[in-house]
Amino acid sequence: MPFIHNAACRHRISKMAFKVTNWREYEAGLRQRGSLTLWITCEALSPWQAPKRTTRGGQPCYSDLAIETALTLGIVFGLRLRQTEGFLASALRLMGLGLAVPDHTTLSRRASTWRSSDKRQGCRVPGEGHVHVLIDSAGLEIFGAGHWLEEKHRARSRRSWRKLHLAVDGDSGEILAHVVTDQNTGDASQVARLLNDIDIPISQFTADGAYDGKPTYDAVIRHSPDAIVVVPPRSNAVERIDAELGGQRNRHIAAINMNGRMKWQVATGYGKQSLVETAIGRYKSIIGHRLRARSFLTQQTVVAISCTVLNGMFACARPKSVRSSAAAA
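Just so you know, these numbers come straight off a predicted model, no measurement behind them.

Quick look at the nonpolar core
- Judged by nonpolar contacts, the single largest core of 23 residues is most densely connected at Trp 48 and Leu 88.
- Considering each element in turn, this core owes the most residues, seven residues, to helix α4 (residues 64-76).
- With residues up to four places along the chain from it excluded, the contact list for Leu 88 reads Ile 40, Trp 48, Ala 70, Leu 73 and Val 101.

Right under this line is the structure:
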């Protein structure tokens, strides 16, 4: 990796400085993120009531879109379910709408059964060319009884978390797909699930060394046979005789052995992998690094809506940065 090289004299290397060229539009977009009109639209209010149920059972009062709207407001403004109920009720009252608001128990119950109507997270229309997919994973803490015991009685508990796997568009930075798993699930095993949610042909697939192996190459080639797979092989990797990996991994190993890992990164465009790491950092800084939902299904719902929220924020406010003169470290 680049940060490993020249580590002893890193203090002598000046940092790169960037400036935003569209600051006026970017600042207006940042203000727009806090507007209620961005998150409560006419499309969300028109089908507020649930459609009539044709099978046996109770009749739901609120549609899935109404539940999604309420949960979205809670995620955007950092509210708990009770505060979300009061916030939405006051917003609808100020808008002059006599719509009933789901209470916090309904939100908690319906969050475990909510399903998104849109399979894709990104806003790129299928058929608009190929996409450069970046994949990485990160951990999200689970706030539960263990944290309560630690805060209340200073008792040590075993940490538990969920894994968030993200697929990001390398050109726009939008989240194309996501998967939530437990902490014991391997990264490479979720590549096929992520790619199944992407309807656009892949031109290049980039991931870090944790995804090195035959399952990753097979999943990418099944999705897009002409895709270029850029995954750094292990330091002790050797070329394979069989051609099941399509020869791409062997070419990566030969290029690294001949020119070094740094030149291989520049030649293959591996530096774009930082965009998915930036997306993970954006998720943890805006949404949070902790899941407060108890059940796994509710946690999946919260993450799905959170990814949609981040895409909406990124669409209305996206900086255009250019490199300026270097500043001293």
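A short note on helix α10 (residues 248-259)
- Over its twelve residues, α10 runs 16 Å from end to end, which matches the ideal 16 Å to within 8%, given 1.5 Å per residue.
- Taken together, the buried positions of α10 are occupied by Gln 248, Arg 249, Asn 250, His 252, Ile 253 and Ile 256.
- Among the structural elements, α9 (214-223), β6 (228-230) and α11 (261-268) are those in contact with the buried residues of α10.

Describing the packing of α10 against α11
- At their nearest, the axes of α10 and α11 sit 7 Å apart, and the two run at 130° to each other. Considered as vectors, α10 and α11 are oriented oblique to each other. Of α11, the residues touching α10 (which contributes His 252, Ala 255, Ile 256 and Asn 259) are Arg 261, Lys 263, Trp 264 and Thr 268.
- Among the residues forming the contact of α10 with α11, the class breakdown is three nonpolar, three polar and two charged.

Some details on the pairing of strand β4 (residues 175-182)
- Most of β4 is tucked away, with seven of its eight residues classed as buried.
- Linking strand β3 (residues 161-169) back to β4 in an antiparallel pair, the connection comprises five residues, with Gly 173 at a positive phi of about 80°.

Conventions adopted
- Residues numbered from 1 in each chain as written.
- Predicted model: local features only at pLDDT ≥ 70, side-chain atom pairs only at ≥ 80, totals over all residues.
- Heavy atoms only, no water.
- Core = buried A, V, L, I, M, F, W, Y, C linked by side-chain atoms within 4.5 Å.
- Buried < 20%, exposed > 50% of the residue type's maximum accessible area, 1.4 Å probe, protein only.
- Helix = DSSP H or I, 4+ residues; strand = E, 2+ residues; numbered from the N terminus.
- Contact = heavy atoms within 4.5 Å.
- Expected span 1.5 Å × (residues − 1).
- Axes fitted to C-alpha atoms, helices over the stretch in contact; angles between N-to-C directions.
- Parallel < 35°, antiparallel > 145°, perpendicular 65-115°, else oblique.
- Nonpolar A, V, L, I, M, F, W, Y, C, P; charged D, E, K, R; others polar.
- Pairing = 2+ DSSP bridges.

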